[in-house]
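Descriptive structure summary
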Amino acid sequence: MKDAKKDSEMVWDQIQMRSPSGNPLVLGHSTRPIPKLMVWLILFVSVTYVVYTLKLLTASVHHTSDDFPFTLSTRTGITSPPSILNQTAEPTSPLLRHRDVREKPVVAVQMPNKPKPTEIHDIVFGIAASSKLWQQRKEYIKIWYKPNKMRGVVWLDDRVKYSPGDKQTLPPVRVSSDTSNFAYTNRQGHRSAIRISRIVTETLRLKMDNVRWFVMGDDDTVFITDNLVRILRKYDHTQYYYIGSLSESHIQNIFFSYGMAYGGGGFAISYPLAKALAKMQDRCIQRYPGLYGSDDRMQACMAELGVPLTKELGFHQYDVYGNLFGLLAAHPVTPLVSLHHLDVVEPIFPNVTRVEALQRLMLPVKLDSAGIMQQSICYDKSKSWTISVSWGFAVQIFRGIFSPREIEMPSRTFLNWYRRADYTAYAFNTRPVSRNPCQKPFVFYMSKVGMDSELNQTVSEYERHHVPHPPCRWKMANPGALEMVIVNKKPDPHLWDRSPRRNCCKVMESKEPGTMVVNVGVCKDGEVSEV
């Protein structure tokens, strides 16, 4: 039994002395130095591996710092918010501490300051005028031009009388350069077109300071300058821009160009484009002796420069005759910028002169220039009436319910440029004044406007224009019983900072007999001009 026990102990000792692979771990006293050497070797390799791995990791973190979640790229010029900076300032892991020592600090790059928005003093007006018509047409310029706030030059073909009073109310006057060396071969036009086409270039050569835009217009053009500024603010004045609008006459646009800004309605040219134009315009003019006017010569040069027309519908050429009522009462949803051909059309308000009518228009312009002429459409369903408000100008009341789609079309109160009542002659949709004698609108013209300071709203009064109305057999309320419409509206200088949309209106209760009260304002959520 003792021998068996000794044999089993020897077998067990041999098993203990072997590694899992079967190799002996301890062979005797002569092999004891070998484990010490292997231990030191293993420790050396392990330390080397750890150090090398840490170097790789820190180098990787250093090169990919742009992608690290707590650091923003310096290329964007944006720095992290304070809470994130605190996280990077006190790292909790050895890896982050190691990274903070080696990486470059985040540098905040200051964003360039945005340019200030365009103001009226950044614009220079170049006004084309005739010495023969100067005494009459200078009154139009006095209506809108403010010498203490604006800059401009009137360019004439000859010297005119310029009184001390004119100096206080008008821009300075200059005589255009001689253009007799330019060829002009159009038999139907007049060679003054060459002189007028060079007004922007000649104004540029006056070397005025801090000019962003040159705006061209005629001496019978009236500008709503606040709205002009609103339009130009949308565009980058450091780029090439040629901004204006077309003629109302389809035939005129076909004969001249649908890509041309009509100069009477006014157009704007950015300063860099004016400089480019000045370098080549005289050569360009020589290439087009057969063109009719100044604006088509300007467009020909723009085509050579490769600059298309940027259309803004608020510039109005008004190549029409007669009464502008239909056009003004359904003005497009865009700021009213200019009115032209004021000597050709009737006064915009009845029973006054043209100048007096325009002076009256400027009263609501002073209170709410953004909203002038803007149309609102609403209904008095209890009486089956349709109401159209052209704020600051006129109110129309129709018997019956008309859709907004129809009322927003201009009614044909005017003739085209060739004095024909041809509804196909316009570059936009129109409608007849009435399809039924009972549908002839009752018109109320703006007579007075003021500001209610307590309610911070404008109060404008519109008096009925008494003209004969055909007899009507419809059994419904008669708008002829009304003598006045009062419109309440809050000024909205930011109207055109939003997407284009008509204002909404609502008929209110009126305690005064013969008076209708209408509120006009920004449409509320869900509010529509519902038939």
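Structure report, in brief. Keep in mind that what you see is a predicted model, and the values were worked out from it rather than measured.

**Considering the pairing of strand E1 (residues 123-128)**
Among the six residues that make up E1, six are buried, leaving the element largely enclosed by the rest of the structure. The two faces of E1 match: Ile 123, Phe 125 and Ile 127 on one face and Val 124, Gly 126 and Ala 128 on the other face are all buried. Sheet analysis places E1 next to strand E4 (residues 213-218), joined by six bridges and oriented parallel. Paired with Ile 123 across the bridge in E4 is Trp 213. One ladder, built from five bridges, connects E1 with strand E2 (residues 151-156); its direction is parallel. Directly across from Ala 128, in E2, lies its bridge partner Trp 155. Between the parallel pair E1 and E2, the chain is carried across by helix H5 (residues 134-144), and the sense of this crossover is right-handed.

**Section: the environment of Ile 251**
Examined against the element boundaries, Ile 251 turns out to sit in helix H10 (residues 250-255). On the basis of relative accessibility, which here comes to 37%, the residue Ile 251 falls in the partly exposed class. When the C-alpha positions of Ile 251 and Asn 416 are compared, they lie 9.4 Å apart, and in sequence the two are 165 residues distant. Excluding residues within four positions of it along the chain, Ile 251 makes contact with Tyr 418 and Ala 425.

**Some thoughts on a nonpolar patch on the surface**
A surface patch of nonpolar side chains, about 350 Å² in accessible area, is lined by Val 39, Trp 40 and Leu 43. Along the chain, Trp 40 falls in helix H2 (residues 33-63).

**Details of helix H12 (residues 294-305)**
Three or four residues apart is the spacing at which side chains of an α-helix point the same way, because the helix has 3.6 residues per turn. Taking 1.5 Å as the rise per residue, H12 with 12 residues should run 16 Å; its terminal C-alpha atoms sit 17 Å apart, in good agreement. Where H12 is buried, its residues touch helix H7 (192-197), helix H8 (199-204), strand E6 (242-244), strand E7 (267-270) and helix H11 (271-286). Positioned one or two residues after H12, Gly 306 has a phi angle of 80 degrees, which is positive.

**Describing the nonpolar core**
Formed by 74 residues in total, the largest nonpolar core has its most connected members in Phe 125 and Phe 393. The element best represented in this core is strand E15 (residues 442-452), accounting for six residues. Those residues in contact with Phe 393 that sit more than four places away from it in its chain are Phe 325, Leu 328, Ala 329, Ile 348, Phe 349, Met 373, Phe 444, Tyr 445, Met 446 and Tyr 462. Counting residues in each nonpolar core, the second largest holds 29 residues, with Val 153, Leu 246, Leu 277 and Met 280 among its members.

**Topic: the side chain of Ser 176**
The residue Ser 176 is located in the loop between strand E3 (173-175) and H7 in this model. Separated by 3.1 Å, the side chains of Ser 176 and Arg 195 make a polar contact. Every residue in contact with Ser 176, bar those within four places of it in the chain, is listed here: Trp 155, Leu 156, Arg 195 and Glu 202.

**Some points on the packing of aromatic side chains**
Summed over the entire model, instances satisfying the criterion amount to 20 aromatic pairs. Taking 5.0 Å as the distance between ring centres and 90 degrees as the angle between the ring planes, the aromatic pair formed by Phe 255 and Phe 256 counts as edge-to-face. The class of Phe 255 is exposed, set by a relative accessible area of 56%. Residue classification places Phe 256 among the partly exposed positions, given a relative accessible area of 22%. Between Phe 414 and Tyr 426, the aromatic rings sit 5.2 Å apart at their centres with planes inclined by 75 degrees, giving edge-to-face as the arrangement. With Phe 414 in strand E14 (residues 414-416) and Tyr 426 in the loop between E14 and E15, the pair connects residues that are 12 residues apart, well separated along the chain. Among the aromatic residues, ring-to-ring pairing joins Phe 125, Trp 144, Tyr 145 and Phe 223 into one connected group. Here the guanidinium or amino end of Arg 360 rests over the ring plane of Phe 349, the centre of that ring lying 4.7 Å away.

**Focus on the pattern of salt bridges**
Summed over the entire model, instances satisfying the criterion amount to 17 salt bridges. Among the salt bridges present, the one from Asp 122 reaches Arg 212, with a minimum N-O distance of 4.0 Å. Of the two residues, Asp 122 sits in the loop between helix H4 (94-102) and E1 while Arg 212 sits in the loop between H8 and E4, which places them 90 residues apart along the sequence. Considered together, Asp 122 and Arg 212 belong to a single accessibility category, that of buried residues.

**Here's the deal with the packing of H11 against H12**
In the contact formed by H11 and H12, the axes pass within 10 Å of each other and the chain directions differ by 110 degrees. As summarised for this structure, H11 and H12 are arranged roughly perpendicular, according to the angle between their axes. Crossing of H11 over H12 shows right-handed handedness. Counting all contacts with H11, which are made through Leu 273, Ala 276, Leu 277, Met 280, Gln 281, Cys 284 and Ile 285, the residues of H12 involved are Arg 297, Met 298, Ala 300, Cys 301, Met 302, Glu 304 and Leu 305. For the contact of H11 with H12, the class distribution of residues is 11 nonpolar, one polar and two charged.

**Section: the state of the cysteines**
Per the stated rule, a full pass over the model turns up four disulfides. Note that Cys 284 is cross-linked by a disulfide to Cys 301, the S-S spacing being 2.2 Å. Every disulfide takes its handedness from the sign of the S-S torsion; for Cys 284 and Cys 301 that torsion is -110 degrees, giving left-handed. Within this pair, whereas Cys 284 is found in helix H11, its partner Cys 301 is found in helix H12, the two being separated by 17 residues in sequence. Given the relative accessible area of 0%, Cys 284 is considered buried. The disulfide partner of Cys 438 is Cys 472, and the S-S distance across this bridge is 2.0 Å. Its S-S torsion of approximately 110 degrees makes the covalent link between Cys 438 and Cys 472 right-handed. Within this pair, whereas Cys 438 is found in the loop between E14 and E15, its partner Cys 472 is found in the loop between strand E16 (457-464) and strand E17 (484-489), the two being separated by 34 residues in sequence. A relative accessible area of 4% means that Cys 438 is categorised as buried.

The rules we used
- Residues numbered from 1 in each chain as written.
- Predicted model: local features only at pLDDT ≥ 70, side-chain atom pairs only at ≥ 80, totals over all residues.
- Heavy atoms only, no water.
- Buried < 20%, exposed > 50% of the residue type's maximum accessible area, 1.4 Å probe, protein only.
- Helix = DSSP H or I, 4+ residues; strand = E, 2+ residues; numbered from the N terminus.
- Pairing = 2+ DSSP bridges.
- Right-handed = clockwise from strand over helix to strand, strands pointing away.
- Contact = heavy atoms within 4.5 Å.
- Patch = residues over 30% accessible without salt bridge, like charges linked within 9 Å, V, L, I, M, F, W, Y side chains within 5 Å.
- Areas by Shrake-Rupley, 256 points an atom, 1.4 Å probe, with all protein chains shown as cover.
- Salt bridge = Lys/Arg side-chain N within 4 Å of Asp/Glu carboxyl O.
- Expected span 1.5 Å × (residues − 1).
- Core = buried A, V, L, I, M, F, W, Y, C linked by side-chain atoms within 4.5 Å.
- Polar contact = N/O pair within 3.5 Å; in protein donor to acceptor, adjacent residues only side chain to side chain.
- Phe/Tyr/Trp six-rings, centres within 6.5 Å; stacked < 30°, edge-to-face > 60°.
- Lys NZ or Arg CZ within 6 Å of the ring centre and 35° of its normal.
- Axes fitted to C-alpha atoms, helices over the stretch in contact; angles between N-to-C directions.
- Parallel < 35°, antiparallel > 145°, perpendicular 65-115°, else oblique.
- Left-handed = near helix turned anticlockwise from the far one by under 90°.
- Nonpolar A, V, L, I, M, F, W, Y, C, P; charged D, E, K, R; others polar.
- Disulfide = S-S within 2.5 Å.

Shape is all these values report; function is a separate question.
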